[in-house]
Amino acid sequence: MNNSMTLGKRRGKPTPGNRNRADITIGIGVLRLLCVIGMLIVVVGTHVFLLADIVPRSPESSPKFNGISPRDAALADIPQVQFTDVTTAAGISFVHQNGARGEKLLPETMGGGCAFFDYDSDGDQDLLFVNSQSWLNDGQAATNPPATMALYRNDGRGNFEDVTAGSGLDVASVGMGAAVGDYDNDGRVDVFLSAVGANRLFHNRGEGKFVEVTDAAGVAGEANQWSTGSGWFDYDKDGDLDLFVCNYVKWTCEYDLKQGFRLPGGQPAYGRPQNFEGAFPYLYRNDGSGQFTDVSQQAGIEVSDPVTGKAMSKALGVTFDDFDGDGWLDVVVANDTVQNQLFRNRSNGTFEEVGALAGIAFDGNGNVRGAMGIDAARFRNDDALGIAVGNFSNEMMALYVTDSSSMQFVDQAVASGLGASTRSELTFGTCFVDYDLDGYLDLFAANGHLEPAINSVQPSQQYAQPPQLFWNGGSAIGGRLLAVSGQESGPDFAQPTVGRGASFADIDGDGDLDLLIAANGRAPRLLRNDQALGHHWLRLKLVGSSSNRDAIGAEVQVELQDRTLRRRVMPTRSYLSQVELPLTFGLGTEDIVQSVTIHWPDGSQQILQDVQVDRSYEIEQGGKSVARLSSQPHGTSVAMATEQSGRDGQSFLMPGASTSCGDYLHISDRATVGDGRGSPPARTCHGPLCSNSPSERHAPPPGPRRTSQQQQDAIASVVRPPVLANLCGHIATDSEALPSFVSGRVFRPPRGC
């Protein structure tokens, strides 16, 4: 039977029997279709129910923007906060090596990361830079010393010393980023290095020494993977830190070179991620005793593309937060040219990927973007939780916002004023940071293109790009984010660079947050915050006991008279980078803290009273809080303890005394006050830097809502010499003679003393 005959029979007039059989077949098909539709309705309905069944509102209808027009918001006075580039002056000589030699291999242009962390447990923030190296087939690799990571020790005043040599971190790799965390709860922060090829874990042994434990821990990953962003978090709430590692694409040098990527003019170009297959991320469960188990598949982290069956992720950035308010940390991942992912923690050791349902997977038109860095925070000081994502050039940053714990996000980048200001930039590092200490989290972005020759084919684009800062003025400007000009941030801030990682920390102990940009193939930029707005602040370093020792995942609420500030302990944010572990709360003009409530990762709660402003506190879970010595723009705050120091008569040097070393603060214990509460030690200022009588105590003016006891505490804990003062050294030669209430902080005398 030929094809024409068969076709003729199929087109013939149907008989009654054929018609009945056809009707039955159609009926069965309809029933099956209805069943499928019903099942889809049940599945979708269940997901929507689990996500609180809240329909997202359009950004324009959100009440956060009502009542204040964009024009009126744009007229707001953005505060003048000058940033000073102190990279060289601070002693930082690191230059990132990307290994580029003209072949345009994709990993060359994607690094590198950085991390602020207190590796020596002296109370100040040290610094780590991740480096790459020349490729093994590069003849120069054999002759030049291999590039390594760089570790810098902070002296507490923002001066850094390169201590890489002999630290154990002086190793070479095609490094990408770092994740820092005390995975074994021994009180010392450990370092995980993500890389092209095997990843590496370094255990902090103390005294400035690290030892590699990758193989014993089981976290190297596959030798042919390319790992990028990574972070520590306690996903199963068992009291130790687990590890999440992003993997970017399936990449080999040979495959990259075979693609022959070219710019329109014929020059070699870096490849498009669309030409590479995706890769699954890793989730390592901490089993204790320094060993980890890869639970990626069984935990639901490995998500396949429903069409191709291959890995969906092309992950670069990651951060953690409790997006549904159930007390368990979820995971949000920034993916490059594929949809972003939100892994909802089911609290049973598994995750459910809900990015598309939650509204963070795509842009407003349903398109994927080239996502790089990511951060999440309650930047409006209410129930709204925002996710900021840095994207490729001509795509603008994303600002996904949800009210309460609905996990229904809307991209409010355009409505908030962020969209138009970020459309042309290629943004990598992205951080929420309160740079002006007004209590509202602002947004910091490190920018830089991938292609050095981009200007030759796109005149509107530059390889080196200025960073950006967006000021959050709170309800006064309708919840918008306003671009900060160079006049408002200073000429040093606006200098272009090839930005990649971004981080922040208080490097000099003055209470405000300084910024760091890690650059690709260039020197980093350390920008000291020189704000002089007179705003108050509070810094908290949490120490877990039943929770992980770093208290990663803890949420802290600071109650002020007219608002509540909420921050989460989360060093993993930005791009390939880590920010400092302590939390900084800008208080604006508020000089009274009503209370501090800590929600520890294990679910317990701790409430603190009588917390003073302009202080740094270390708070142990279930124990006492100890304030550390901190300098501030108007004087020197000395640590306050709930017990006497027992070091009557000790003295501390003040900066500016390097010539004669004759300026110091004298510490004297005082008996307890009438209510039995221990008073802070008295301080008197001596030497030519102090005004009037050597024994004069310079008291602060009474606060408008300060109680008499709080005023007494303020008088007893503040001296006001005419210059900025830091407690930076001890007069005695015995460093062990430090008073007990400053234990845990090492003070070094000024040079020359």
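Scroll up a little and you will see the structure.
Reference entry: report on the structure contained in this document. (Residues numbered from 1 in each chain as written. Predicted model: local features only at pLDDT ≥ 70, side-chain atom pairs only at ≥ 80, totals over all residues. Heavy atoms only, no water.)

**Regarding the nonpolar core**
Buried together is how nonpolar side chains tend to be arranged in soluble globular proteins.
Okay, so step 1: Counting residues in each nonpolar core, the largest one holds 57 residues, and the members touching the most others are Trp232, Phe244, Leu538, Leu542, Val558 and Val596.
Okay, so step 2: The element best represented in this core is strand S11 (residues 242-247), accounting for four residues.
Okay, so step 3: With 24 residues, the next largest nonpolar core counts Trp135, Val249, Leu316 and Phe428 among its residues. (Core = buried A, V, L, I, M, F, W, Y, C linked by side-chain atoms within 4.5 Å. Buried < 20%, exposed > 50% of the residue type's maximum accessible area, 1.4 Å probe, protein only. Helix = DSSP H or I, 4+ residues; strand = E, 2+ residues; numbered from the N terminus.)

**With respect to the packing of aromatic side chains**
Given two aromatic rings, their pairing is described by the distance between the two centres and the angle made by the two planes.
Okay, so step 1: Counted by the stated rule, this structure contains 22 aromatic pairs.
Okay, so step 2: With centroids separated by 6.1 Å and ring planes inclined at 45 degrees, the aromatic side chains of Phe83 and Tyr435 adopt a geometry described as tilted. On the criterion of sequence distance, the pair formed by Phe83 in strand S1 (residues 83-85) and Tyr435 in the loop between strand S22 (427-433) and strand S23 (442-447) is long-range, its members being 352 residues apart. The two residues Phe83 and Tyr435 agree in class, both being buried.
Okay, so step 3: Grouping aromatic residues by their ring pairs yields a cluster made of Phe233, Tyr235, Phe244, Phe320 and Phe351.
Okay, so step 4: A cation sits over an aromatic face here: Lys104 above Tyr270, 5.2 Å from the ring centre.
Okay, so step 5: For the cation-ring pair, Arg500 lies above Phe428, with the distance from its terminal atom to the ring centre recorded as 4.3 Å. (Phe/Tyr/Trp six-rings, centres within 6.5 Å; stacked < 30°, edge-to-face > 60°. Lys NZ or Arg CZ within 6 Å of the ring centre and 35° of its normal.)

**Structural notes on the sheet that holds strand S25 (residues 481-483)**
Okay, so step 1: Read from one edge of the open sheet, four strands run S22-S23-S24-S25, paired in antiparallel fashion. Every interior strand has two partners, whereas the edge strands, S22 and S25, have only one. Within the sheet, the average angular offset between the axes of one strand and its neighbour, ignoring direction, is 25 degrees.
Okay, so step 2: Taken together, the five bridges between S22 and S23 define a ladder with antiparallel strand orientation. Bridging from a neighbouring strand, Cys431 pairs with Phe444 of S23. (Pairing = 2+ DSSP bridges. Axes fitted to C-alpha atoms, helices over the stretch in contact; angles between N-to-C directions.)

**Things to note about the environment of Ala150**
Okay, so step 1: Mapping Ala150 onto the fold places it in strand S4 (residues 150-154).
Okay, so step 2: On the accessibility criterion, Ala150 (5% relative accessible area) is buried.
Okay, so step 3: With 19 residues separating them along the chain, Ala150 and Leu169 place their C-alpha atoms 7.5 Å apart.
Okay, so step 4: The residues touching Ala150, leaving out its near neighbours within four places in the chain, are Phe94, Leu127, Leu128, Phe129 and Thr164. (Contact = heavy atoms within 4.5 Å.)

**Considerations on the pattern of salt bridges**
Pairs can form between side chains of opposite charge whenever their charged atoms are close.
Okay, so step 1: In the structure shown here, the tally under the stated rule is 20 salt bridges.
Okay, so step 2: The partner of Arg153 in a salt bridge is Glu161, and the shortest N-O contact between them spans 2.5 Å.
Okay, so step 3: Take Arg153: its relative accessible area is 28%, and that puts it in the partly exposed class.
Okay, so step 4: We classify Glu161 as partly exposed; its relative accessible area is 41%.
Okay, so step 5: Two residues, Arg285 and Asp287, come together in a salt bridge whose shortest N-O distance is 2.9 Å.
Okay, so step 6: The class of Arg285 is partly exposed, set by a relative accessible area of 27%.
Okay, so step 7: For Asp287, a relative accessible area of 38% gives the class partly exposed.
Okay, so step 8: It is possible to trace a salt-bridge network through shared partners that takes in Asp321, Arg378, Asp383, Glu555, Arg566 and Arg568. (Salt bridge = Lys/Arg side-chain N within 4 Å of Asp/Glu carboxyl O.)

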